[in-house]
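Residues per chain are reported as follows:
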Amino acid sequence: GGWTTPDSWDGLKRRLLHAVMTEDSFVFAMGGHSSSAGHGNHFQQSYTLQVQWILEAVFARMGVRHQSRNFGDGGLGTTHNGIGAGSIYGPDVDVIMWDSGMTEGEERA
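First, a word on scope: everything that follows refers to the structure included in this document. (Residues numbered from 1 in each chain as written. Predicted model: local features only at pLDDT ≥ 70, side-chain atom pairs only at ≥ 80, totals over all residues. Heavy atoms only, no water.)

1. Notes on the sheet that holds strand S3 (residues 95-99)
Thinking step 1. The 3 strands are arranged S2-S1-S3 in an open sheet whose pairing can be described as parallel. In this open sheet, the two strands that pair with only one neighbour each are strand S2 (65-72) and S3. Here the strands of the sheet are splayed against their neighbours by 15° on average, with no regard to which way each runs.
Thinking step 2. Alignment of strand S1 (residues 25-32) against S3, held across 5 bridges, turns out to be parallel. Directly across from Gly-31, in S3, lies its bridge partner Trp-98.
Thinking step 3. Docked against the sheet, helix H1 (residues 6-22) engages S1 and S3, running at close to 135° with respect to S1.
Thinking step 4. Where helix H2 (residues 47-61) meets the sheet, it contacts S1, S2 and S3, and its direction lies at approximately 175° from that of S2. (Pairing = 2+ DSSP bridges. Helix = DSSP H or I, 4+ residues; strand = E, 2+ residues; numbered from the N terminus. Axes fitted to C-alpha atoms, helices over the stretch in contact; angles between N-to-C directions. Contact = heavy atoms within 4.5 Å.)

Okay, here's the thing in structure tokens:
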């Protein structure tokens, strides 16, 4: 899911609509370098918990249970996490956001 292609955008819209119509859950997962977990800052100020704080009330008004999951960890790159994404982040994740700023060897990451 996400906003990378027209197809993935359509998939995200379908997942949001499904969650609202069935009063199901909507799960956001943040992965990447440990800085995405909020290291070096107050944990409540991490990107993941800010997403939870903002979206939880919006989804609750529509009968949707929202959950944000923080999986920031150092030492592994995008390829390692991509291969095991289903096992690491869970099979019910609707959106995965990835911070590759410090996990890749390239300057363009």
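Additional details are given in the paragraphs that follow.
2. Regarding the packing of aromatic side chains
Thinking step 1. Taken as a whole and assessed by the stated rule, the structure comprises 3 aromatic pairs.
Thinking step 2. Arranged with centres 6.4 Å apart and planes meeting at 45°, the rings of Phe-28 and Tyr-47 form a pair that is tilted. Of the two residues, Phe-28 sits in strand S1 while Tyr-47 sits in helix H2, which places them 19 residues apart along the sequence.
Thinking step 3. In this structure Tyr-47 comes out as partly exposed when scored by relative accessible area, which is 44%. (Phe/Tyr/Trp six-rings, centres within 6.5 Å; stacked < 30°, edge-to-face > 60°. Buried < 20%, exposed > 50% of the residue type's maximum accessible area, 1.4 Å probe, protein only.)

3. Section: the nonpolar core
Thinking step 1. Ranked by size, the top nonpolar core spans 9 residues in total: Leu-12, Ala-19, Phe-26, Phe-28, Met-30, Val-51, Phe-59, Val-64 and Val-95.
Thinking step 2. Listed by contribution, the elements that provide at least two residues to this core are H1, S1 and H2.
Thinking step 3. Ala-29, Ala-85, Tyr-89 and Val-93 belong to the second largest nonpolar core, which has 5 residues in total. (Core = buried A, V, L, I, M, F, W, Y, C linked by side-chain atoms within 4.5 Å.)

4. What to know about the pairing of S2
Thinking step 1. As judged from the 8 bridges shared by S1 and S2, these two strands associate in the parallel manner. Along S2, the bridge assignment pairs Gly-31 with Phe-71.
Thinking step 2. Crossover handedness for the path S1 to H2 to S2: right-handed. (Right-handed = clockwise from strand over helix to strand, strands pointing away.)

All quantities given are derived from atomic positions and should not be read as evidence of function.
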